[in-house]
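# Working through the structure, step by step
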Number of protein chains: 2
Amino acid sequence: MPTIKDIARLAGVSVTTVSRALNGYSDVSEATRQKIKKIAEELNYTPNSIARGLVMKKTNTVGLVVSEIIKPGVYHPFFLEVLSGIKAALHRSGYDIILFTVDPESQGKTSYERLCKERKVDGTIVQGLKLSDPYIEQIKSTDIPTVLIDIPILTERVGYVSSDNVKGAFDAVNYLVQLGHRKIGLINGHKDAAVSIERLEGYRKALEHYGIPYDERYVAYGDYTQQSGAEAFKKLLREVPQITAVFCASDLMAVGALKAAGEMGKKVPDEISIVGFDDIELSTLITPNLTTIRQEKYRIGYKAAELLLSIIRGEKPRHAVIPHRLVVRQSTRLYLQDTRRAGHCTDAAVQQNPGERSNESAS
Amino acid sequence: MPTIKDIARLAGVSVTTVSRALNGYSDVSEATRQKIKKIAEELNYTPNSIARGLVMKKTNTVGLVVSEIIKPGVYHPFFLEVLSGIKAALHRSGYDIILFTVDPESQGKTSYERLCKERKVDGTIVQGLKLSDPYIEQIKSTDIPTVLIDIPILTERVGYVSSDNVKGAFDAVNYLVQLGHRKIGLINGHKDAAVSIERLEGYRKALEHYGIPYDERYVAYGDYTQQSGAEAFKKLLREVPQITAVFCASDLMAVGALKAAGEMGKKVPDEISIVGFDDIELSTLITPNLTTIRQEKYRIGYKAAELLLSIIRGEKPRHAVIPHRLVVRQSTRLYLQDTRRAGHCTDAAVQQNPGERSNESAS
DNA sequence: ATCACTTCCCAAAACGTTTTGGATCCAATT
DNA sequence: AATTGGATCCAAAACGTTTTGGGAAGTGAT
C-alpha cells in the first residue's frame, strides 16, 4: 500500500509538502500540487485514516450503541428507520458508524467510557436503553459527546431527541374520548423505559382533562413485543371487561392486542377500539389497519445525528423534539352510549376515510 | 487520557514492559505485572486501539456494506436478523462492525478497495448488492477478505453464504404441485439480483420435473417490495386469470399479493394459493398466515461472520449454504380438478395444522 | 545594498502502541 | 573460574499521518 512517503519520494518533495498539497493548504505551488495529485492518483493512494486519527485525535467515527434491539427474536422495526436517518445525516459529514451492541451483561464488564474511548469514537448515539441499565448513570456524568434517543438526559455534553410522548399519548386518548369512549385501557411498555413513563403520564392527563377517574386496573404492562401485547390485552379484558377502547404504547403490542381480540371473538373496531404508537409499516398491513400515533423515525435519527455533530463541534447540547401525529385508520370507531345502537352505527367522517388524515402536533 | 507511558513512569519501568505485562507476555515477573496492572486500574487506563491498529496493521474491525437496504422507504426486514447473527459471531472474537452504506451513486465515487482500505477494515461482509452494481466486478478481483450474502462469487479471498435458492424455490413449487396445482404463477424479484435468477431456475425445474410446460406469461417481476408484489399479482391475474397458485420470491411481495387479492375479491387460499420466501415475522401476523420457505437469517449472518474470520486468518474461502425449510401455514390449500368441489373441500392434514410442520432441507 | 514581504518548501516532533534485538543479573553447570 | 541459560527488563525503531517552526529564494521598495 502506497503511503505519503512513496509519493514524496516520487515527487521529489518532502512528506510535509505532500500532506499539505493533498489537504488543500495554500502554501504549496499549484505546479507541485498537480504533480503530487497525479502521482497519488497513479499509485492509487488511499490515506490511512488510522494514522490520521492517531495524530489528529479525531476519528470521524461515531458509535451507535443499541441495547437488545439487535438480538435473536426481538427485531424492533423502529431501529432500522432511525438508523437510516442517522446514516444519512452522518454520511454527509464524512462520518462513519461503528456499531456497539450491549446487553445488560456486557454493560457490567465494559463501562460506557471504556467502550467509547477504546475505539476512540468522536461521539455516540444511544438507543434502546432502559432506565435501569447501568450505562444510564454513567452517561449522566460522561464527557463524551452523546445523544440519546427517547431518554431524557441533558448535561454539558449529552443531549437527546424524542417525540413528545406525553402529548402523543394525550392525543391518542383524547381522540378516543372524542369518539365517545370513557372506559379506556392502557397497554404500556416496561416501567423502566422512559417512554413508558411519559406515555402513562399523557394517558392520565387526557383522562384528567375530561374528568375521567384514573383506575390502575385499566393499565397492563408489556415489553413492547407483540406477544406481551396479546397477553396484556387478555389480562385487561379479564379484569375490566367493560373497557371499550385501549391505547397501546407501541404498534407491535397493538398488533398483539388485535390478534388476541380476534382469538377472543372481540371485534375491532366494532366492539373495541385500539390505537397504537409508532406507526410502523406493519400497521398498514394488518386487518384492520391500525389507528396510531405516528413517530417520524427517520427524522428522529437524522436529528440525533445532527445534534451529535453539533455537540462534537462544541455547541451546547439540547433536547430536540420531533413532531408526531395521529393517523386515523380502521381500528377505532365511535362509541355510542345507547347500547341498542352501539356496534352498529359508524361515523362516516371517521370510518370512511382511513387515509392519513392527521393532526400535525408539533411541540 | 492516561497512556502506557504514564503507567511506565509511575511503575518505574519501560513502556515495553508495560505493554508486555498488559498483553500477557511471559517475560515479565509476576510482581511487576501486578504492580502495572494495579496502576493501570487506578488510572482507569484504556488502550488506544487506533495506535495499536497503526502498528499492528490490524483493526479488529469488519466493514458491513449494505446497499439500499437502509434507506427511507425500503426497510428490508431481512437485514436486521442477518445483522444480528453477524454481530453475535463477531462479538465473540472481539471484532466490531463499521457500517458502510452504498448507493449506486456512491459506488461510482469511491471504489470498493478504497472504501475498505481507507478505514482499514480487516474484512468485509457485503449484503444487498445487485449483480449490476459496480462493486460486483471490483469484488471479483479484490484481495480484501470478503464474504457476500446471496451473491455467488468465489475467489482466493472472497467467499459467500446463501440459502439454496434453487432448491428452496423448487420445494415451494413442488409443494404447490403436490397440492394439485398445475397453473402456478411466479412473482420474482428484479432480474439483476442473483437470488431472483436462482429462484426462477428452481421454479422452472419443479415445473419440468412434473412435466408442466413453462410459460413466461406466468412470471411477473417486482422489486421485493410489498407494492411491487401487489402490482405483479394484478398483472398476473389480468393476463393469466386461470392461475390457481403463485409462488413469490419474497414474503414482502407475497404480502402485497395477498393484499391485492383481497382488493380483487380473490379469496386466499380458497380461490388462489400463495407461498412466499424468507419467513419474515410479518408472515405470521397477517391473515391468512403465509405459507413460505423459511430462511435462517440469523444463521446466515452468523455463518457469514465466521467464514469471514476464517478468511482473515488465511483459510480458503468457501460457499456456505444454510438450510431452508418449507413452513406450511394458511395461505395454501388443496386444489381439486373437479370444479364442483374446488374451493369447498379442505385437506385436514394440511389446513388444520398451521404450525411449523416443516421439511428440513439441508444441502 | 538593504529591508521587508511573499511564496514555497522542509526537518523533526508528535500521536500511542508493538516489536526487535539485545543487555543485565543470577544461579546452575562444567 | 568460566560458561551456559533462564528470567527480567529496556532503548529504539516502526506504523503513516499532521503540525510546528522555521529556512531559502525571489520580488519590490527604500
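Residues numbered from 1 in each chain as written. Chains lettered and ligands numbered in written order. Predicted model: local features only at pLDDT ≥ 70, side-chain atom pairs only at ≥ 80, totals over all residues. Heavy atoms only, no water.

### Some remarks on the protein's contact with DNA strand D
In the vicinity of DNA strand D lie 27 residues, with A:Ser19, A:Tyr25, B:Ser14, B:Thr16 and B:Thr17 positioned nearest. A:Asn23 places a side-chain nitrogen or oxygen 3.2 Å from a phosphate oxygen of DNA strand D. At 3.1 Å, a side-chain N or O of B:Asp27 approaches a base nitrogen of DNA strand D. Contributing elements (two or more residues each) for the surface near DNA strand D: helix H2 (15-22) and helix H4 (49-56) of chain A together with helix H2 (15-22) and helix H4 (49-56) of chain B. Per-element tally for the surface near DNA strand D: the top contributor is H4(A), with 4 residues. Classifying every residue of the surface near DNA strand D by side-chain character gives 11 nonpolar, 12 polar and 4 charged. (Near = heavy atom within 4 Å. Polar contact = N/O pair within 3.5 Å; in protein donor to acceptor, adjacent residues only side chain to side chain. Helix = DSSP H or I, 4+ residues; strand = E, 2+ residues; numbered from the N terminus. Nonpolar A, V, L, I, M, F, W, Y, C, P; charged D, E, K, R; others polar.)

### Looking at the nonpolar core
Among the nonpolar cores identified, the biggest contains 109 residues, and A:Phe233, A:Ile274, B:Phe233 and B:Ile274 are the most heavily contacted of them. In this structure A:Phe233 touches A:Ile187, A:Val246, A:Ala257, A:Ala260, A:Ala261, A:Met264, A:Ile272 and A:Ile274, once residues within four positions along its chain are discounted. Counting residues in hydrophobic clusters, the runner-up holds 64 residues, among them A:Ile300, A:Tyr302, B:Leu90 and B:Val147. (Core = buried A, V, L, I, M, F, W, Y, C linked by side-chain atoms within 4.5 Å. Buried < 20%, exposed > 50% of the residue type's maximum accessible area, 1.4 Å probe, protein only. Contact = heavy atoms within 4.5 Å.)

### Remarks on the pattern of salt bridges
All chains considered together, the criterion is met by 44 salt bridges over all chains. The salt bridge partner of A:Glu315 is A:Arg313, with a shortest N-O separation of 3.4 Å. Of the residues examined, A:Glu315 reaches a relative accessible area of 41% and is grouped as partly exposed. Among the ionic pairs, B:Lys140 bridges to B:Glu137, the shortest N-O distance being 3.1 Å. (Salt bridge = Lys/Arg side-chain N within 4 Å of Asp/Glu carboxyl O.)

### Quick look at the packing of helix H1 (residues 4-11) of chain B against H2(B)
All names here are of chain B. Contact geometry for H1 and H2: axes closest at 8 Å, N-to-C directions at 105°. When the interaxial angle is binned, H1 and H2 end up roughly perpendicular. Where H1 approaches H2, its residues Ile-4, Lys-5, Ile-7 and Ala-8 are matched on the opposing element by Val-15, Val-18, Ser-19 and Leu-22. (Axes fitted to C-alpha atoms, helices over the stretch in contact; angles between N-to-C directions. Parallel < 35°, antiparallel > 145°, perpendicular 65-115°, else oblique.)

### Concerning the sheet that holds strand S6 (residues 146-149) of chain B
Across the sheet, 12 strands lie side by side as S13(A)-S7(A)-S6(A)-S5(A)-S1(A)-S4(A)-S4(B)-S1(B)-S5(B)-S6(B)-S7(B)-S13(B); this open sheet has mixed pairing. Among the strands making up the open sheet, the edge pair consists of strand S13 (319-322) of chain A together with strand S13 (319-322) of chain B. Across the sheet, the mean angle separating the axes of adjacent strands is 20° when strand polarity is ignored. Judged from the 4 bridges that link them, strand S5 (residues 123-127) of chain A and strand S6 (residues 146-149) of chain A form a sheet pairing that is parallel. By the bridge assignment, A:Ile125 is partnered in S6(A) with A:Val147. (Pairing = 2+ DSSP bridges.)

### Here's the deal with the packing of H2(B) against helix H3 (residues 30-43) of chain B
All names here are of chain B. Where H2 meets H3, the axes come as close as 9 Å, and the angle between the chain directions of the two elements is 90°. Here H2 lies roughly perpendicular to H3, going by the angle between them. Together, Thr-17, Val-18, Arg-20, Ala-21 and Leu-22 of H2 and Arg-33, Ile-36 and Lys-37 of H3 make up the contact between the two elements. Here the contact of H2 with H3 is composed, by residue class, of 4 nonpolar, 1 polar and 3 charged.

### Some details on the pairing of strand S10 (residues 245-248) of chain A
Residues and elements named next belong to chain A. Burial of S10 is two-sided: the residues Ala-245 and Phe-247 facing one way and the residues Val-246 and Cys-248 facing the other way are all buried. Note: strand S8 (residues 184-188) against S10, 4 bridges, orientation parallel. Paired with Gly-185 across the bridge in S10 is Val-246. Pairing analysis gives 3 bridges linking S10 to strand S11 (residues 273-278), with the strands arranged parallel. Within S11, the residue paired with Val-246 across the bridge is Ile-274. Of the crossover connections in this fold, the one passing from S10 over helix H12 (residues 251-264) to the parallel S11 is right-handed. (Right-handed = clockwise from strand over helix to strand, strands pointing away.)

### Focus on helix H5 (residues 77-92) of chain B
All names here are of chain B. For H5, a buried count of 12 out of 16 residues is recorded, marking the element as mostly surrounded by other parts of the structure. Buried within H5 are the following residues: Phe-78, Phe-79, Leu-80, Glu-81, Val-82, Leu-83, Ser-84, Gly-85, Ile-86, Lys-87, Ala-89 and Leu-90. Looking one or two residues beyond H5, the residue adopting positive phi is Gly-94, at roughly 75°.

### What about the protein's contact with DNA strand C?
Taken together, 27 residues surround DNA strand C, and among them A:Ser14, A:Thr16, A:Thr17, B:Ser19 and B:Tyr25 come closest. Between DNA strand C and B:Tyr25 there is a distance of 2.8 Å, counted from a phosphate oxygen to a side-chain nitrogen or oxygen. One nitrogen or oxygen atom from the main chain of B:Ala51 is found 3.5 Å from a base nitrogen belonging to DNA strand C. For the surface near DNA strand C, the elements supplying multiple residues, two or more each, are H2 and H4 of chain A together with H2 and H4 of chain B. It is H4(B) that contributes the most residues to the surface near DNA strand C, 4 residues altogether.

### What about the packing of aromatic side chains?
Residues and elements named next belong to chain B. As enumerated under the stated definition, the model contains 8 aromatic pairs over all chains in all. When the ring of Tyr-203 is compared with that of Tyr-214, the centres are 6.3 Å apart and the planes differ by 75°; the resulting orientation is edge-to-face. Taken together, the positions of Tyr-203 in helix H10 (residues 194-209) and Tyr-214 in the loop between H10 and strand S9 (219-221) put the pair 11 residues apart, joining distant regions of the chain. Take Tyr-203: its relative accessible area is 1%, and that puts it in the buried class. Above the ring of Tyr-221, the side-chain terminus of Lys-191 is found at 4.6 Å from the ring centroid. (Phe/Tyr/Trp six-rings, centres within 6.5 Å; stacked < 30°, edge-to-face > 60°. Lys NZ or Arg CZ within 6 Å of the ring centre and 35° of its normal.)

### Examining H12(A)
Residue and element names in this part refer to chain A. A rise of 1.5 Å per residue sets the reference length of H12, with its 14 residues, at 20 Å; its end C-alpha atoms lie 19 Å apart and thus fit the reference within 8%. By the criterion of burial, H12 is predominantly enclosed, with 10 of the 14 residues buried. By the burial criterion, the buried members of H12 are Asp-251, Leu-252, Met-253, Ala-254, Val-255, Gly-256, Ala-257, Leu-258, Ala-260 and Ala-261. On its buried face, H12 sits against helix H5 (77-92), S8, helix H11 (226-239), S10, S11 and strand S12 (291-294). Once H12 ends, the next one or two residues include Gly-265, with phi positive near 75°. (Expected span 1.5 Å × (residues − 1).)

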